[in-house]
Amino acid sequence: MITVSEESRRMQDMMKMYAMPGMDMGAMGREGETLVLNANNQLVSYVLDNKEGENVELICEQLYDLALLQQAPLQPEAMTKFISRSNKIMMLLTK
């Protein structure tokens, strides 16, 4: 999961409230966020034990995007990458 500091959350709310039409809110960055992982989770354990593994980067990106989805929908480009990566992971499972 991703936690957001109170200060960052309030700043994001304020920026949304006062945003000009057409302003890209995704360009604000992800400041004040902390990714929290469960070390007992099998995927997290795999990543920690196999840092140089073949699919570790793929798994890390997927875990991060899943945590982001908990907060809000992904931006269109990020959603496209997420779906493509999900398809790649499913193909790996068929081998």
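This text follows the structure it describes.
In short, a report on the structure. On a predicted model such as this, the values are computed, not experimentally measured, just so you know.

So, on to a nonpolar patch on the surface. Taken together, the side chains of Met 11, Met 14, Met 17 and Tyr 18 define a hydrophobic patch exposed on the protein surface, amounting to about 470 Å² of accessible area. With respect to the helices and strands, Met 17 occurs in helix α1 (residues 6-18). Residue classification places Met 17 among the exposed positions, given a relative accessible area of 60%.

What follows deals with the packing of helix α3 (residues 56-71) against helix α4 (residues 76-93). Interhelical geometry of α3 versus α4 gives an angle of 130° and a closest axis separation of 10 Å. Between α3 and α4, the interaxial angle falls into the category oblique. Relative to α4, α3 is oriented so that their crossing is left-handed. Residues Leu 58, Glu 61, Gln 62, Asp 65, Leu 66 and Leu 69 of α3 lie in contact with α4, whose contacting residues are Ala 78, Met 79, Phe 82, Arg 85, Ser 86, Lys 88, Ile 89 and Leu 92. Here the residues of the contact of α3 with α4 are counted per class, giving eight nonpolar, two polar and four charged.

How each quantity is defined
Residues numbered from 1 in each chain as written. Predicted model: local features only at pLDDT ≥ 70, side-chain atom pairs only at ≥ 80, totals over all residues. Heavy atoms only, no water. Patch = residues over 30% accessible without salt bridge, like charges linked within 9 Å, V, L, I, M, F, W, Y side chains within 5 Å. Areas by Shrake-Rupley, 256 points an atom, 1.4 Å probe, with all protein chains shown as cover. Salt bridge = Lys/Arg side-chain N within 4 Å of Asp/Glu carboxyl O. Helix = DSSP H or I, 4+ residues; strand = E, 2+ residues; numbered from the N terminus. Buried < 20%, exposed > 50% of the residue type's maximum accessible area, 1.4 Å probe, protein only. Axes fitted to C-alpha atoms, helices over the stretch in contact; angles between N-to-C directions. Parallel < 35°, antiparallel > 145°, perpendicular 65-115°, else oblique. Left-handed = near helix turned anticlockwise from the far one by under 90°. Contact = heavy atoms within 4.5 Å. Nonpolar A, V, L, I, M, F, W, Y, C, P; charged D, E, K, R; others polar.

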